[in-house]
Structure formats: C-alpha cells, structure tokens
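What follows is each chain in one-letter form.
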Amino acid sequence: MNTVTGRSRAGSRVRFALLGSIAAVALVPSVAQGQDAQAQPEAESTEGDIIVRGSRPIAESEISALRAQKESDSLVSVLASDSIGRLPDQNIAQAVSRLPGIGVQRDQGQARYINLRGAPLNWTTLSFDGIFVISPEGRDARFDSIPSALASQVVVQKAVTPDLNGETIAGNVNIVTRSPFDYRGFHVAGKAGMGRVALGGRGEYEASLVLSNRWETSIGDIGVLVSGSYYQRDMVTDNFEIDWEEVDRDLRPLAAGETGPRVWAREIENKFYRLTRKNYSGSAKVEWRPDSQNKLFLSSVYTVFADNELRDNYRIDADDQQSRVPNSTAACTNTGVQPPAAFTTGYADVCTGNTPFLGTVYGVDFDARFRKTDYSQTVFTNTLGGDHEFGDWTIKWRGNYTRSEDDRSQPYLLTYQSPSFGTNGVGGVNRVTADYDLRDPGNSQVRLFRTLRSPAGVFSRGAAVNAYQDFPNSISSAVSLIALDVTDAYTGKLDFAVNTTVFGDTTFRFGAQYDNRTKERNELQLTGSGTAFNNALTAAGIALDINGILGDDPFKGKIRPGYTLTHFSDDRASAVLAQALRTATFAPVTANFYNVGEEIWAGYAMGTTRFDWGNMVYGARIEHIRNDGSAFVTLPGQATSLVSIGTSQTLVFPSAHLNWDVRDDMKVRLSFNTGAARADYDVLRPSFTVNDANETISGGNPFAEPEKAMGADLYWEWYIRQGGFVSLGLFYKDVRDVLFDDSRVFGSDALNSGGINRSQYILNTIVNGGDGYIYGAEAALALQLGNFLADDSWIGGFGIQANITYNKSQATTPDGRKVRFPGTSKFVYNIGPYYEKYGFSARLSYQRRTSWFSEIGGEDTGGDLFWATDDELDASARYSVTKNFEVYFDASNLLNGPGRRFAGISQRTLERETFGRRYTGGIRLTF
C-alpha cells in the first residue's frame, strides 16, 4: 500500500529497521527530504537495505512514522511499534488514541471503540495488511480484541483512495503486521511484566515474544516469523446505575422555579463486577523472495479477547407500582413530607415531599441478580499473497479467509425477588422502604428500612436494615444462555500498476476485488423456575433465598451504596444451575436467530500523476453489493417460519487527492472523497414480530440503505528537522440517509399469509432518516528540544507530542429533531511530554474528550443519552541496562476518573463506574 511503501530516487527499495531497546519497526518509504543528516540514527548498508541502529527509540520511532506519513499519497496518521511500546497500551484502541483526531469509547475502563474525527464508531473500518476484517460484533469494529503487540505499524487512513474498500465514511485503521524481512537475520524480542490493580488489590500480567529469521538459499531468500502475546487483568469495579422516566400519572403542577417535565428514578441499582480480562494472540508469517522482483507470503493471525465476569446486581425497582401513583391535577394541599396515599408507594408523588432526586419510596421491590459470563471474541485471519514486478508493471494478488466469533454465553443468571405487593398492599410490609438521595451525580445513595402499614393501608418507614438478605426474598428463576455469532469472510484481490509517461509521469492502477461474508447468530436458552425447580433445590439442601448462594468473600470496592453485602459464591451458584439443568432443557431462541450474507463485486481505476510541485491521485471505485438475509418469523395463529429477503445495489465512489510540496519539509494536502457505511448485520436481518391486532411489525430492516457521505480535507504539514512535526487541518463531511430508530409503513408482501395483507402495517425498526454533517479542525505538534540545540547536552532529551481536534456534527432525525451524531465530542486532545536520554526514557500521556451523544432517548429514558467528559492520565518509564536488556514501569488510569453516562442533563446520572489505578513493571529483551 502506498501509505507504507515507496521508492528511493535510485528506484531501489529502502527499508528502515529501528533496532532500539525493543522490537524493530519495518518501514519502506524513501528518506524524507529536509532531515538533518546529523539527526539520523547510526546507519549501515547491507544488501541494499538501510539498517538504522538507535539509542533513542521514542525520537527515532517518531522520525520513522513521520517519514511514512510524509511519503503517503493520501491523508494518514502513522504509529510505529516502538511508540506503541512506550506507553501502557495493551490493545490497538488504546495505542491509536494518542494520534490526532481519535477519541475512544471505553468499557470497564479499557479502550474499545474508535470515534475518528467525531464520527460514529461504525463509520471506522478495520484491516490487517490491507485486508478489511469484519469485527466479531459486526460493523462496530472492536479494537480491544487486537493486542498492540501484533503491530509493527498502525496506519490510520483518514481520506481513502479508490484502491481501498468503499465501506467507510470516517476512515480505516490498518494493522501492519511484522515481517521476517523487517530484520537482517535472526531476531528475538521478549517482554514479561506483572503488576497490581489498586481497586480490589488484584493482579495484572503481560508477556510477549517475537522470533524471526531469514535465510539465503539457492531459490532465493526465505523468512519466517512467529509471535505471541498475553495480557491479563483481574479487577473489581465500583458502580451505580439509575434508569429514569417521565411518569404519565405525575400530573401535579410544577412548583415555583421548577422546570418540567419531572423525570423520576424508576430503578436504582449497583452492579459490582469481579472479572478477569484477557487479550492474547498468535501470529506466523512465511515469506519467500526468489529475486528482487517477486515476493510470496502466507500469514496467519489469531487474536482473542476474553471477559470472564461474576456480577452482583442489587436493584430497587422503584416504579413497580407506578399504576398506583395518584393522578390528580390539583396542587398539593400541604407542604413538607406527607404520608403516601393509602396502598401507594409514594413513587413520583410530589405531595409526599418526594422530588426526582430526593425522597422515600415505601414497600417497593428490591431484587438481586447474580450473573456469570464467559464472553470471548476471536479473529482468525489468513492471507496468501504475492507481489511481482515486470518492468513498468507491478501485479499484487491476495486471497484471504477470516473467521470472527462473538461468544456471548452466560452460564447462569439467578434472580431473587421480594414478595409480591399483593392486592391493596397486603404484602407491602415484607418489602423495602428506601430513602434515596441522588443529588450528587457522582454518588448515588440509598438507605434501607423495614416497611410499616397502618390499618388504613398507609405505609411508613420502620427500622433500618443493612443487608438484602435481612429482607424476605426467594429465587424466581435460573437462566442459562449459550450464544454464538459467527462471521465467515472470503476476500480475493488483484491489483495492477503500470508506470507511464502520460501527463509526464503517471502511474495507473486498476484492480478487482471480491468479498463474500456471512454472519449467523444462534442462541440456546434454559430457564429453571416454578415448583419443580424449587423442589429440586430443597431436595438438594439449597436454600431458596439468597443465603443459598452467598459466600465468604467480602465486598472489595470502595463505594458505599447505603447497604452492606457479601459477594455470592460461584460454586454455590453453579449448584443452583445444576438443579435447573435437571428440571429444564435448552431450547433455541428462534426470535434472535438470523443469517445475513453479503457479496460484493468491486473494481477501481486510479492514477497518480507526479509533478515538480507534488502529485495528484484521482479515480473511482465501483461496488455491487447483494445482501441475503434469513430469520424466523412467528405470525399470529401460525407456526414459526423461516423468512428470506434479498436486496442489491451498486455504488460508485470517486475521489481526488492533491499533495503540494510547498518546500522539501512542507506539504499541503487537499482531498475530495466519498464513502458509505452499510447497515450492520443485525439491522439487515428479516426478523419480525407481528401484531395483527395493532397492525404493527417490529424487527430488522433488510431494506436499509447505506449511510453515504461526501467529504473534503485541507491539511498543512511541516516536517521540522530531526523529527519535529506541526500540522493544521480542516475537514468536512456531508452525510445522507442517516440511520435512526423510527416507525413507518412496512411496504413489502414478504409477511403476507392466510389472506392477510401486512404490507401496510407500521414497522418499528431502524430506518434511513434525514441528512447531516460533520466538520472540524485538527492540530498536531511533535517537538524535542534537541531539534533546536547545537550541542548534544542533557536538556535536549525533553520533548512533547500533542494534538487537539475540534468536532461539530448535526443529523436530522425522522421526526425532524436536530441531534449530534453519536460519538461526537466537541474537543478531543492529547498532551504527552517525555524525556529520553542516556538509555532512560519517561513519558506522560494526558487524554481528554468532552461529553458526547450516545443514543436517542425519550420519555422512558429521561431524554437523550450522553457520555460525560473523560480524562485519562498514564505514565511510563524505561531504562536500557544494556543494548539488549531493558526494565520498565507503567502506571495507568492515574486519575481514576469514572466512566459516566447521563440522561438529558448532566445531573441525571445514568451510570457511574470506576476501576482503579494500575501499576505494572517488568523487563524486555532484544537480540
């Protein structure tokens, strides 16, 4: 790909291999002009390759990344492997988050998804060595399943050219894997470390190994490389969550100074996780170069993300008696705290003195759910390919098979509930009365009390109670889920390039590509409940209340939810599941099954014309896409049947890129590009639920059109001597056919049966809505004092890498509202000072992204949903004891800031979770 490959003026390949204190980085563009010769690392020539040996890996890695970026014919940001290794970046999402224009979304404190220049996460695609890969989740590419140790380089392509897939709007993240020809001969690099997670006092472990060698034989040069990596984190979390809603029976007038409508906390809960997360990978590559004009290779990459969780979930179901809320429109006759009306809980009743953020609810359900999950996501990608040169012609071919699996299995989910409320509140006295104080958005508080009831049925607060097990409760169900999504993808590519004298000096490229992808979802579920299940538990000596599964493990978090708890025992919970297996069987969940196929035939033509002042890249790509989907549909009064629907369309993606060399060290880039983001596979499924009485259908939308975009980019880049860099850029994208949740006429006869025409039913699904736009500005800076000093004194080791991105977006919903696109933060920035000299290096990395829109909400959620501002601070230190041996120390999440979501307004916290600081140390070896 032209982002990482170029030619020197003499026309020979040039390879740079940074052999610092960790694994080498392979880059193949020509040496950037304007670099001070004294600033380059020590170099020697071996068989036409340039081998760069360095003692300052941060600076040298930055030089190499900037060299690849400068020589690219399109707008890219590049990260070299040594930069990845200089901070605690266990996965690709965390590593590329240091680059300009990138914001990340986290799960359990770990970077997972990428928002590129304010765009929704599904608008960014993923590829390995230029082959696009469908993530186990589908279009929402998950980057936490890819260990950073796999990459020799990461190229973020922000303005794609016609030779790249057209299925992206924001851009593509290309993982360039290591090659045995990155190194001169035998090479080994290893890393081992361990550490501690402060919250809960649990462990963190990491290790990686790269082995590589190359040989000169009578049939050419042969190279073999194998690598592996492993990362594990054991952790606990501090969490509280609140679900909000508008209550249609809350009709009392607003008080003076109060703005409406009132939004109430319908559920107040804590989810305490004990979990182990793992990332591990293995890769192998064999390359054969029979001569300087030919290369053949076979590569395989296998990555795993595993998430094993135990979750204690306690929930106050405040609105379970919402239908009893007094619905008078008159103002309250008294002020202050008043008892609730007879046989009501006080929920959403301002006349009791309750407000949405402070009050008391009486006799409500307090349930507990205990869950074990064995989630895993795997990607297994295999590529056979070759590059061949015949004079002015170059031919490249690739064949790829990738299998992605998303295992969402839950061995058990056990639910314990309070006694029923009963007719006219007969059972209310066996339930919880709870004081709630939600005024602090960072600290939800509840206090638990027994419930008292007067002869007239009026509830009041009794004695305080500290733990859930002190209230009457019993098991209501035990559910086990086996769930697996599998995506099989086949890709064939053939690319031609020819150098001509057309327009002076032009390279024409053209090629074809075929993709065939199929995603299938299958679920099996078992539910144990009822008399037979309870009798089996009793016969096995297992208590029917929560005491049957509680263990001896005390709560390890620091949050104080207002009650005490002891974690449940996995062994005891598994014993409950064993009884469920005796009384029930697994059955397919046909409503969640789907099989969606995608076949794409693509071709492109493009030209690169070079001038004295720079070059132009222009051309177009055409793609014909066919989708076929199957899913089960149950029609009223009929048996479940399999429905299949197919659609097809043809899209054209023109683009043009201008690269102006203002000076040897300065460039201006202007690009016009187009792209499309296709609906995800679960959207394209023809899975429907039909209600003939209401004439409604809900489910997928196999007729959803891709979201389409036209964009422009204008960037100025200054490559300062000795690896410094300054850039300023503007970008704009105009988007059409934006996807939203909506209701509209079904418009198909696919579900007609039994003489009933359902084509005019209302379909509740995801549909193409209005248009939208994203625009913004981006600035980046990379400098070190050594750039400006005449001598080589100690002070020259100070440097900084920083960037900032401004984003603004707007989309029109089907009902005409104007909202931001999901994932658009107004500002995203990184500040990374460092020092590197005499074998020692130390770095800080501060990241901040302002709040961003998550999803459309409504009356049942308390408004649209947002993520709050996220601040992250990481630190790292390294010391090279010898040229082959290094010790390191990493500190992550030093601010211990929360992951927080809110509904409508910032004060209305939807979720708040903290994860603790992490500290890791270890060694690295390179030979």
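Just above sits the structure.
Numbering of residues starts from 1 in every chain and runs along the sequence as written. In keeping with the model being predicted, local features are shown solely for residues with a pLDDT of at least 70 and side-chain atom pairs are shown and tallied solely at 80 or more, while totals for entire chains, interfaces and linings include all residues. With hydrogens and water set aside, each side-chain value is computed from the structure's full complement of heavy atoms.

(A) Structural detail: the pairing of strand β39 (residues 772-784). Burial along β39 is one-sided: Gly 772, Ile 774, Gly 776, Glu 778, Ala 780, Ala 782 and Gln 784 are buried, and none of Tyr 773, Tyr 775, Ala 777, Ala 779, Leu 781 and Leu 783, which face the opposite way, are. Pairing between β39 and strand β40 (residues 798-812): 13 bridges, direction antiparallel. Of the residues in β40, the one forming a bridge with Tyr 773 is Gln 810. Note on classification: 1.4 Å probe, protein chains only; a residue is buried when its accessible area is under 20% of the maximum for its type, exposed when over 50%, partly exposed between these limits. Each helix corresponds to a stretch of at least 4 residues labelled H or I by DSSP, and each strand to a stretch of at least 2 residues labelled E; elements are numbered beginning at the N terminus. A pair of strands is labelled paired if DSSP reports no fewer than 2 bridges between them.

(B) Structural detail: the nonpolar core. Definition used in this section: a nonpolar core is a set of buried Ala, Val, Leu, Ile, Met, Phe, Trp, Tyr and Cys residues joined via side-chain atoms within 4.5 Å. Grouped together as the largest cluster of nonpolar side chains are 57 residues, with contacts concentrated most on Trp 244, Tyr 314 and Val 576. With 46 residues, the next largest nonpolar core counts Trp 123, Phe 128, Val 173 and Tyr 715 among its residues.

(C) Summary view of the sheet that holds strand β11 (residues 171-177). Pairing in this open sheet of five strands is mixed, and the strands run β5-β10-β11-β8-β9 from one edge to the other. Either end of the sheet is taken by a strand with one partner, and the two such strands are β5 (76-80) and β9 (131-132). Two strands pair when backbone bridges link them, and strand β8 (residues 124-128) and β11 are joined in this way by five bridges, in the parallel orientation. Looking at β11, one finds that Phe 128 is bridged to Ile 175. It only takes one pair of heavy atoms within 4.5 Å for two residues to be counted as in contact. A fitted line through C-alpha atoms serves as each axis, taken over the contacting stretch for helices, and the angle formed by two N-to-C directions is quoted from 0 to 180°. Packed on one face of the sheet, helix α1 (residues 57-71) meets β5 and β10 (151-157) and runs near 150° to β5.

(D) Just the side chain of Thr 303, in detail. With respect to the helices and strands, Thr 303 occurs in strand β17 (residues 294-317). In protein, a polar contact means a hydrogen-donor-capable atom and an acceptor-capable atom, both N or O and within 3.5 Å, with residues adjacent in sequence counting only if both atoms are side-chain atoms; elsewhere, any N or O pair within 3.5 Å suffices. Here the side chain of Thr 303 touches Ser 145 through a polar contact of 3.1 Å, landing on its backbone oxygen. For Thr 303, the contacting residues outside a window of four places in its chain are Ser 145, Pro 147, Leu 150, Tyr 280, Ser 281, Gln 377, Thr 378 and Val 379.

(E) Region of interest: the packing of aromatic side chains. For Phe, Tyr and Trp, rings pair up if their centres lie within 6.5 Å, where Trp contributes its six-membered ring, and each pair is then called stacked (planes under 30 degrees apart), edge-to-face (over 60) or tilted (otherwise). Under the definition given, this model contains 33 aromatic pairs. Relative to Tyr 490, the ring of Tyr 401 lies with its centre 5.0 Å away and its plane at 40°, an arrangement referred to as tilted. With a gap of 89 residues between them, Tyr 401 in strand β19 (residues 393-407) and Tyr 490 in strand β24 (residues 474-500) connect regions that are remote in the sequence. A relative accessible area of 24% places Tyr 401 in the partly exposed class.

(F) Representation of the pattern of salt bridges. A carboxyl oxygen of Asp or Glu within 4 Å of a side-chain nitrogen of Lys or Arg is what we treat as a salt bridge. Per the counting criterion, the structure on display carries 60 salt bridges. Note that Asp 570 and Lys 372 form a salt bridge whose closest N and O atoms lie 3.2 Å from each other. Here the residue Asp 570 occupies a position in helix α5 (residues 570-583), and Lys 372 occupies one in strand β18 (residues 358-390), the gap between them amounting to 198 residues. Residue classification places Asp 570 among the partly exposed residues on the basis of a relative accessible area of 23%. In this structure, Arg 610 and Asp 505 form a salt bridge, with 3.1 Å as the shortest nitrogen-oxygen distance. One end of the pair, Arg 610, is in strand β29 (residues 594-611); the other, Asp 505, is in the loop between β24 and β25 (506-528), and 105 residues separate them in sequence. Residue classification places Asp 505 among the partly exposed residues on the basis of a relative accessible area of 34%. Overlapping salt bridges bring together Arg 139, Glu 167, Asp 515, Arg 517, Glu 598, Arg 621, Glu 623 and Arg 678 as one network.

(G) Expanded view of the side chain of Thr 161. Tracing the chain through its elements places Thr 161 in the loop between β10 and β11. In this structure Thr 161 comes out as buried when scored by relative accessible area, which is 3%. In terms of polar contacts, Thr 161 uses its side chain to reach the side chain of Asp 163, at 2.4 Å. Aside from chain neighbours lying at most four places away, what touches Thr 161 is Ser 74, Met 606, Val 617, Ser 655 and His 657.

(H) Examining unusual backbone geometry more closely. The omega angle of the peptide bond from Gly 260 to Pro 261 is -5°, so this bond is cis rather than trans. On the secondary structure map, Pro 261 appears in the loop between β15 (238-245) and β16 (264-291). Phi is positive for Arg 117, which is not a glycine, with a value near 50°. Relative to the assigned elements, Arg 117 resides in the loop between β7 (110-116) and β8. A positive phi is found at Asn 893, a non-glycine position, where the angle reads about 55°. Assignment of secondary structure puts Asn 893 in the loop between β47 (885-892) and β48 (899-903). The exposure class assigned to Asn 893 is buried, which follows from its relative accessible area of 6%.

(I) Broad picture of α5. One less than the residue count of a helix, multiplied by 1.5 Å, gives the span that helix is expected to have. Here α5 spans 20 Å end to end across 14 residues, near enough to the 20 Å set by a 1.5 Å rise per residue. Listed in full, the buried residues belonging to α5 are Ala 573, Val 576, Leu 577, Gln 579 and Ala 580. Seen end-on, α5 carries its buried residues on one side only, within an arc spanning 155°. Of the residues in α5, the exposed ones pointing more than 90 degrees away from the buried face are Asp 571 and Arg 582. Against the buried residues of α5 lie β20 (410-417), β24, β25, α4 (530-539) and β27 (566-568). Measuring from the side-chain oxygen of the N-cap residue of α5 to the backbone nitrogen of Asp 571 gives 3.3 Å; that N-cap residue is Ser 569. By construction, the arc corresponds to the directions joining the helix axis to the C-beta atoms.

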